[in-house]
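Structural description and commentary
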2 protein chains.
Amino acid sequence: MRERLLDTAGRLFYEQGYQQTGINQIIAEAGIAKGSFYYHFNSKSGLLVAYLDRFVNNWILGADIFLAEIADPKARVAGLISYRIANQKKNGFNGCALVKANAGLEAVDGELRKYIGELKQQMRDYVAAVISHSGHKKIISDEALTDMVVLLGDGALVGTAIYHNTDDLEKAVALITALI
Amino acid sequence: MRERLLDTAGRLFYEQGYQQTGINQIIAEAGIAKGSFYYHFNSKSGLLVAYLDRFVNNWILGADIFLAEIADPKARVAGLISYRIANQKKNGFNGCALVKANAGLEAVDGELRKYIGELKQQMRDYVAAVISHSGHKKIISDEALTDMVVLLGDGALVGTAIYHNTDDLEKAVALITALI
DNA sequence: GTCTATAAGATGATAGAC
DNA sequence: GTCTATCATCTTATAGAC
């Protein structure tokens, strides 16, 4: 039941946004009563935290699987963006789940925003690890390349969420490929 | 009155997000009755469109003023990001208004998302114009540099909205400076 | 652990007086 | 053009039966 709620809520949060998705819709689509929902989660924002946590875990696990297919360690750096392209094609071009969740919070809620920042840092650490094992051309430093991949990736996902295509992500792949 | 509503709503939309801001709060802070609000705007999303339109106009006007202070046309390319740093410091580190508004819409509302895409294109055209007059080193093409500036800028604003600082934007300045 | 019924309040929007 | 009063609906969350 808890898993079913997380699945349904995750899908709706990502497609519609956190604020746009009400408890009523979540329980209706999951086929679960309201009382049961509040047995498993203490509040709507508690559900959001659980969802974001699972999202980042799955993102890293999925990246491991995706990059394992790429033999050349240099190509894996560009593969970090290709992975995002694959994710977007699979999940409806709604951009980054963390960014979308962050935009759906009041400016007041610094606690939750801080937590999102920590999750984002986990993703950045993963990117940095891939780059450190890549043996790239060192046109720019490891750190600068990490900035490049993270910032270009996030910027391109912004375009993805607005235009509902992967054009910007493909531009990002081209820009990064020239540097590795 | 209409201007006062736009000012108040714009500030609240940007600080809190579109969905988080109710008509009641807008009219309370603007000191205007609900009936008067609906005399000036036909709906809440009508107000959003007017606000976004004005935002992009002001963004371009502000960029003109900001870049006029920079003598070297090459330095103006990096100045496009410095401009965003100045904006964020002035307005509370909430990222890009268009991105934030887009995240606050249902997936269903394709019409409004398309309009946001057009506004975003106006900003990109402005960036492309600055670059075409910059006489940069041509390490990469005009088009690739435009992608770079737009995507790095948007990506860095994502970090700004999450961490409430300009660290990522300053990294973007460094990356771009190395290319011009 | 799941359910139904309900609470208290906020939401966007409208009607009609002045 | 601005106001007050009101509408139906939706929101998150709780109480208590089974």
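Everything numeric here is computed off the predicted structure, so don't read it as measured data.

A few words now on the relation of the copies chain B and chain A. When chain B is fitted onto chain A, the two copies agree to an RMSD of 0.0 Å after a turn of 180° and an axial shift of 0.0 Å. Taken together, the turn and the small shift mark the pair as related by a two-fold rotation axis. Scanning chain B for the C-alpha nearest the rotation axis identifies Gly155(B), at a separation of 1.8 Å. The fraction of interface residues of chain B whose copies in chain A are also interface residues reaches 100%, indicating that both copies meet through the same surface.

Every one of the 16 residues lining DNA strand C counts as a neighbour, but Ala33(A), Ser36(A), His40(A), Ile23(B) and Lys34(B) are closest to it. Counting only the atoms of DNA strand C that lie within 4 Å of the protein, the sugar and phosphate share comes to 60%. Side-chain polar atom of Lys44(B) to a phosphate oxygen of DNA strand C: 2.9 Å apart, as the coordinates give it. For the surface near DNA strand C, the secondary-structure elements that each account for two or more residues are α3 (34-40) of chain A together with α2 (23-30) and α3 (34-40) of chain B.

What follows is about the environment of Leu112(B). All names here are of chain B. With respect to the helices, strands and loops of the structure, Leu-112 is situated in helix α7 (residues 110-132). In this structure Leu-112 comes out as buried when scored by relative accessible area, which is 8%. C-alpha separation for the pair Leu-112 and Arg-11, spaced 101 residues apart in sequence, amounts to 20 Å. The residues contacting Leu-112, other than those within four sequence positions of it, are Ser-45, Leu-48, Val-49 and Leu-105.

Turning next to the protein's contact with DNA strand D. Around DNA strand D, a shell composed of 16 residues is seen, among which Ile23(A), Lys34(A), Ala33(B), Ser36(B) and His40(B) lie nearest. Within the backbone of Ile23(A), one N or O atom sits 2.8 Å away from a phosphate oxygen of DNA strand D. Between Lys34(A) and DNA strand D, the recorded distance is 3.0 Å, taken from a side-chain N or O atom to a base nitrogen. Those elements giving two or more residues to the surface near DNA strand D turn out to be α2 (23-30) and α3 of chain A together with α3 of chain B. At five residues, the largest contribution of residues to the surface near DNA strand D is made by α3(B).

Rules of the game
Residues numbered from 1 in each chain as written. Chains lettered and ligands numbered in written order. Predicted model: local features only at pLDDT ≥ 70, side-chain atom pairs only at ≥ 80, totals over all residues. Heavy atoms only, no water. Least-squares fit on C-alpha atoms with pLDDT ≥ 70 in both. Contact = heavy atoms within 4.5 Å. Near = heavy atom within 4 Å. Polar contact = N/O pair within 3.5 Å; in protein donor to acceptor, adjacent residues only side chain to side chain. Helix = DSSP H or I, 4+ residues; strand = E, 2+ residues; numbered from the N terminus. Buried < 20%, exposed > 50% of the residue type's maximum accessible area, 1.4 Å probe, protein only.

So, to be careful, I would describe these as geometric facts and stop short of saying anything about function.
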